[in-house]
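Each chain is listed here by its residues.
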Amino acid sequence: MPLTRPCFSLSPNILDQPYVQTSVTVHQRVSGTGDMMLGTSSSFWFLAGGDNADIRLDWHNTDTGARGTENTSIRSTVPAPTAFFLLSTGPGRVEFTFRSVNSLLLWSIPTNTCRGVIDVW
């Protein structure tokens, strides 16, 4: 599903593919929960270890008022890795935001904040 506000930033490797996130994938098997997957960018520098992406996802169920935060870290590789989040939001309209901070040993480059909405049954 497309994001209402995509996110992007330079790679901390600078001469590399940028971090771009325009959509998420959500699968539901049980009412009130969902598996959210974010594809991330691959790195031309994967043989040198790539870079690290620390991702924070905040969600708010606007029907019930429930809120939550999930965090994960992944390394950029080839093929591009996927970040997984298991959300227990309860049924309703769920607004979410996330951002990634992409890092090397010496510096980090954050993305802008991404936004989207999902309907959880």
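Student: What is the right way to read the overall build of the protein from this model?
Tutor: Of regular secondary structure, the protein possesses zero helices and ten strands. Ordering the α and β elements of the protein from the N terminus gives β-β-β-β-β-β-β-β-β-β. Considering only C-alpha atoms, the protein reaches an extent of 45 × 25 × 20 Å along its principal axes. In the protein, which comprises 121 residues, the proportion classed as buried is 41%. Contacts in the protein between residues at least 24 apart in sequence constitute 62% of all its contacts with a sequence separation of at least 6. When the 8 positive and 9 negative side-chain charges of the protein are each reduced to one mean point, those points stand 4 Å apart.

Student: When you look at the sheet that holds strand 3 (residues 25–27) in this model, what are you seeing that I'm missing?
Tutor: Hydrogen bonds between backbone atoms are what pair the strands of a sheet, whose relative direction is either parallel or antiparallel. Spatially, the three strands line up as an open sheet ordered 3-4-7, and their pairing is antiparallel. Of all strands in the sheet, those bounded by a partner on one side alone are strand 3 and strand 7 (82–88). Taking each pair of neighbouring strands and ignoring which way they run, the sheet shows an average axis angle of 20°. Bridge analysis of strand 4 (residues 33–39) against strand 7 gives seven bridges, and the strand direction is antiparallel. Note that in strand 7 the partner of methionine 36 across the bridge is phenylalanine 85.

Student: Just checking my understanding: could you explain the nonpolar core for this structure?
Tutor: Within soluble globular proteins, side chains that are nonpolar generally end up buried alongside one another. Counting residues in hydrophobic clusters, the biggest one holds 20 residues, and the most contacted among them are Met36, Leu38, Ile55, Phe85, Phe96 and Phe98. Of all the elements, strand 5 (residues 52–61) adds the most residues to this core, at four residues. What phenylalanine 85 contacts, discounting residues up to four positions off in sequence, is Gly34, Asp35, Met36, Leu38, Ile55, Leu57, Glu70, Asn71 and Thr72.

Student: Just to check I follow, could you spell out the environment of serine 88 for this structure?
Tutor: Mapped onto the secondary structure, serine 88 falls in strand 7. Distance in space between the C-alpha atoms of serine 88 and threonine 77 is 29 Å, their sequence separation being eleven residues. Setting aside residues up to four positions removed in sequence, serine 88 forms contacts with Gly32, Thr33 and Trp59.

Student: What's the story with the pattern of salt bridges in this structure? I'm lost.
Tutor: Side-chain pairing between opposite charges can occur once the charged atoms of the two side chains come close. According to the stated counting rule, one finds two salt bridges in the structure shown. Note that aspartate 35 and arginine 29 form a salt bridge whose closest N and O atoms lie 2.4 Å from each other. One salt bridge in this structure joins arginine 56 and aspartate 58, with 3.0 Å as the shortest N-O distance.

Thresholds applied
- Residues numbered from 1 in each chain as written.
- Predicted model: local features only at pLDDT ≥ 70, side-chain atom pairs only at ≥ 80, totals over all residues.
- Heavy atoms only, no water.
- Helix = DSSP H or I, 4+ residues; strand = E, 2+ residues; numbered from the N terminus.
- Buried < 20%, exposed > 50% of the residue type's maximum accessible area, 1.4 Å probe, protein only.
- Contact = heavy atoms within 4.5 Å.
- Lys, Arg positive; Asp, Glu negative; His and termini not counted.
- Charge placed at Lys NZ, Arg CZ, Asp CG, Glu CD.
- Pairing = 2+ DSSP bridges.
- Axes fitted to C-alpha atoms, helices over the stretch in contact; angles between N-to-C directions.
- Core = buried A, V, L, I, M, F, W, Y, C linked by side-chain atoms within 4.5 Å.
- Salt bridge = Lys/Arg side-chain N within 4 Å of Asp/Glu carboxyl O.

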